[in-house]
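Tertiary structure, described
Listed below are the residues making up each chain.
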Amino acid sequence: MSEKKFETVSSCVDDVIIHDESIDEIIKDKELSDTWGRYQLMGDIMRNDVPQTLQLDLSAKIAAAIDDEPTVLAPKNTAKSESSFKARIINFVKPLGQVAIAASAAGLMVLGVQQNNVSQTNDIAPMQNIQTNPLIGIAEPVSFNYQQPTQMSKKQAYIQQQRRLQALLFDHKQQIKLTAINTAEIKKANSPVIIPLKDKVENLPK
Amino acid sequence: MLSTSFSALAAEIEQASSWLSALSQSLKTRNFSTSFVVIKNNHAEPYHWFHGVDETGKELEILSLLNGPRRDVLRKNNIVGYIEPELPPYSVKTFQMSGGPIPAIFSGDITALEKSYNFISLGKSRVLGRSAQIIRIVSKDDNRFGYRLWLDQDSSMLLKMSVITREGNVLEQVQFTHLEFSTDLPEPLKKLQAADMPPVIDVPESTVNNDLHWKVNWLPNGFKKIRSNYHRLSITKQATEFLLFSDGLVDVSVYINKSSVNHRAAEFVMNGATGVFNQVVKGIEVSVVGKIPATTAKSIADSVSLLSFNKKR
């Protein structure tokens, strides 16, 4: 399993816009869909959004439920004397296709939920074209793709740039809050409101 | 002819500035429950904002972000508490809620901005189903963004606000979606009255630190140093010299530290109207953060120089 694929899953969870094919790829691949599910669960836990009863493997349950369906609906393959090879393919393809549909439906639901949370992540992130990766990364370990050193170092630089700029923006916002004291002093001098002064007296050491 | 048009302009400025005074009076003295959205980067962030004055004349205030993790600012007169996901809850002794989407100066003395900005009345419009007065706050130089406010004709309350570039592009908008005045305190504020505030943290009174090695030589007119110190950024753990400047409306942070690289080209990104500028020149990393244009941020960063020791004493 290439790390690239996990990266796609990760960026999909992070709401980065990716191609439909990538989503299809995730859905078709058992391991990737599992990874997807775990990432979503991690996200939910971090957001303190976990339901009372955890349905840990919902996608598998849906898939199993759909698996049961075609036994009623599917035409009998055994009747025809077609090559057993083709029959096997049909058998193989069918349930998988249905799993794919179910999983993509689940995928859409999750995407919808994710989109609702966009603004929250955006709050501490500079512009969209800069903001993609989370600070505590689900991004793949950088050392894995040693075949493409230039690309990796570029990506590393990109992640570092984001981290640096986000750190600055975050610190700026925090510092403003702490600085309120000082500007309030200026304000007090200018403002005719008496209440603050009275309170100030109350707070003087006795 | 010239003199009449001049006096007309003067009258307009006069009118605009009395509108702004009325706005700050409303924000300070009235009981209100409001909802608004902040629109930036193609996202909308919804907020609730309550303000009231209790029987003893003390102001109570709540500002809550409604999406994502809880991010609340609570104010009981001279104590402002912050509840946010990154840090344990804390309070600061102050009379204003800072860092919110609506500049704190709006509920303070707005006319103090007259040094750096012109106020212009732009006529009327309709916002939130009400008749609104449009006021522009325009920088006297090219180094700042402008603000456009829509104020309620009846109450002078803020109904809408835009931060716009000199070219007229809107960077950030606040649009009120609900506004209600009451004679009683709004319900959430009554709860706040009974609630305990998070522990007050100490911010050193003497906020100007003289042990810094760097100074900023150029800032747009009207900017004053608010405080400076030496601290670590909480995310990257980078130790840095820090200076904070304000012109009353806009806060600008300057960060200066040694870098591991010798040179890095200037980077500038924006989150709404807030720009983050960063560059490394001769091994020194300088960053400027605030609601200012990229060119202003670069000029500030380029003006940073080493304090000579004899000057520093």
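Residues numbered from 1 in each chain as written. Chains lettered and ligands numbered in written order. Predicted model: local features only at pLDDT ≥ 70, side-chain atom pairs only at ≥ 80, totals over all residues.

This part takes up the overall build of chain B. What chain B contains, in helices and strands, is 4 helices and 19 strands. Long-range pairs, those at least 24 residues apart, make up 48% of the contacts in chain B with a sequence separation of at least 6. (Helix = DSSP H or I, 4+ residues; strand = E, 2+ residues; numbered from the N terminus. Contact = placed C-beta atoms within 7 Å.)

With that out of the way, let us pick up the overall build of chain A. Looking only at helices and strands, chain A features 9 helices and 0 strands. Going from the N terminus to the C terminus, chain A shows its helices and strands as α-α-α-α-α-α-α-α-α. For chain A, the residues scored as buried account for 22% of the 206 residues in total. Put simply, of all contacts in chain A between residues at least 6 apart along the chain, 68% involve residues at least 24 apart. (Buried ≥ 20, exposed ≤ 12 C-beta atoms within 10 Å, placed from the backbone.)

With that settled, the discussion passes to the sheet that holds strand E14 (residues 239-246) of chain B. Residue and element names in this part refer to chain B. Spatial ordering of the open sheet is given by E13-E14-E15-E18-E17-E16, a layout of 6 strands whose pairing is antiparallel. Two strands close off the open sheet at either side, each with one partner strand: strand E13 (224-232) and strand E16 (264-271). With strand direction ignored, the average angle separating the axes of adjacent strands in the sheet is 15 degrees. This element, helix H3 (residues 294-302), spans strand E15 (251-258), E16, strand E17 (274-281) and strand E18 (284-290) of the sheet and lies at about 35 degrees to E17. (Pairing = 2+ DSSP bridges. Axes fitted to C-alpha atoms, helices over the stretch in contact; angles between N-to-C directions.)

Within a regular strand, the side chains alternate between the two sheet faces. All names here are of chain B. Pairing between strand E7 (residues 117-127) and strand E8 (residues 130-139): 9 bridges, direction antiparallel. Paired with Ile120 across the two strands is Arg136, which belongs to E8. The loop that links E7 with its antiparallel partner E8 comprises 2 residues; one of these, Leu128, has a positive phi angle of about 55 degrees.

Attention shifts here to unusual backbone geometry. Residues and elements named next belong to chain B. Positive phi outside glycine occurs at Asn42, with the angle close to 65 degrees. Along the chain, the position of Asn42 falls in the loop between strand E1 (31-40) and strand E2 (43-53). Residue Asn42 is classed as exposed on the basis of its 8 C-beta neighbours within 10 Å. A positive phi is found at Lys282, a non-glycine position, where the angle reads about 50 degrees. If you trace the backbone, Lys282 turns up in the loop between E17 and E18. The exposure class of Lys282 is exposed, given the 7 C-beta atoms found within 10 Å.

On to the sheet that holds strand E4 (residues 71-76) of chain B, then. All names here are of chain B. If you walk across this open sheet you meet the 11 strands as E6-E5-E4-E3-E2-E1-E11-E10-E9-E8-E7, and the pairing is antiparallel. Only two strands of the sheet have a single neighbouring strand rather than two, namely strand E6 (87-93) and E7. Pairs of neighbouring strands in the sheet enclose a mean axial angle of 15 degrees, with direction left out of account. By the bridge criterion, 6 bridges tie strand E9 (residues 146-152) to strand E10 (residues 158-164) in an arrangement that is antiparallel. When the bridges of E10 are listed, Arg148 appears paired with Ser162.

Turning our eyes to something else, we now look at the pairing of E1(B). Residues and elements named next belong to chain B. For E1 and strand E11 (residues 170-182), the ladder comprises 9 bridges, and the chain directions are antiparallel. Paired with Asn31 across the bridge in E11 is Ser182. Relative to E2, E1 runs antiparallel, the two being bridged by 9 bridges. Counterpart to Phe36 in the pairing with E2 is Tyr47.

This part is about the confidence of the model for chain A. Residue and element names in this part refer to chain A. The share of residues in chain A with pLDDT of 70 or more is 25%, and the mean pLDDT across the chain is 57. Ranking the helices and strands of chain A by mean pLDDT puts helix H3 (residues 30-46) first, with 75, and helix H9 (residues 195-202) last, with 37. Under a pLDDT of 50 for its full length, residues 78-148 has, in the predicted model, 91 contacts with residues more than four places off or in other chains. This stretch, residues 181-206, has a pLDDT under 50; its non-local contacts, to residues over four places away or in other chains, come to 30 contacts. (pLDDT = per-residue confidence, 0-100.)

All names here are of chain B. Residue-level pLDDT values for chain B average 90, and 93% of them are 70 or greater. The secondary structure element of chain B with the lowest average pLDDT is helix H4 (residues 309-312), at 50, and the one with the highest is E10, at 97. Model confidence for the complex is summarised by a pTM of 0.67, with the ipTM given as 0.91.

A general feature of soluble globular proteins is that nonpolar side chains tend to end up buried together. Counting residues in hydrophobic clusters, the biggest one holds 78 residues, and the most contacted among them are Leu168(A), Leu151(B), Leu158(B), Val254(B) and Val288(B). Ranked by residues supplied to this core, first place goes to helix H8 (residues 149-190) of chain A with 6 residues. When near neighbours in sequence (up to four residues on either side) are disregarded, Leu158(B) contacts Leu23(B), Ile102(B), Phe106(B), Leu149(B), Leu151(B) and Phe176(B). (Core = buried A, V, L, I, M, F, W, Y, C linked by C-beta atoms within 7 Å.)

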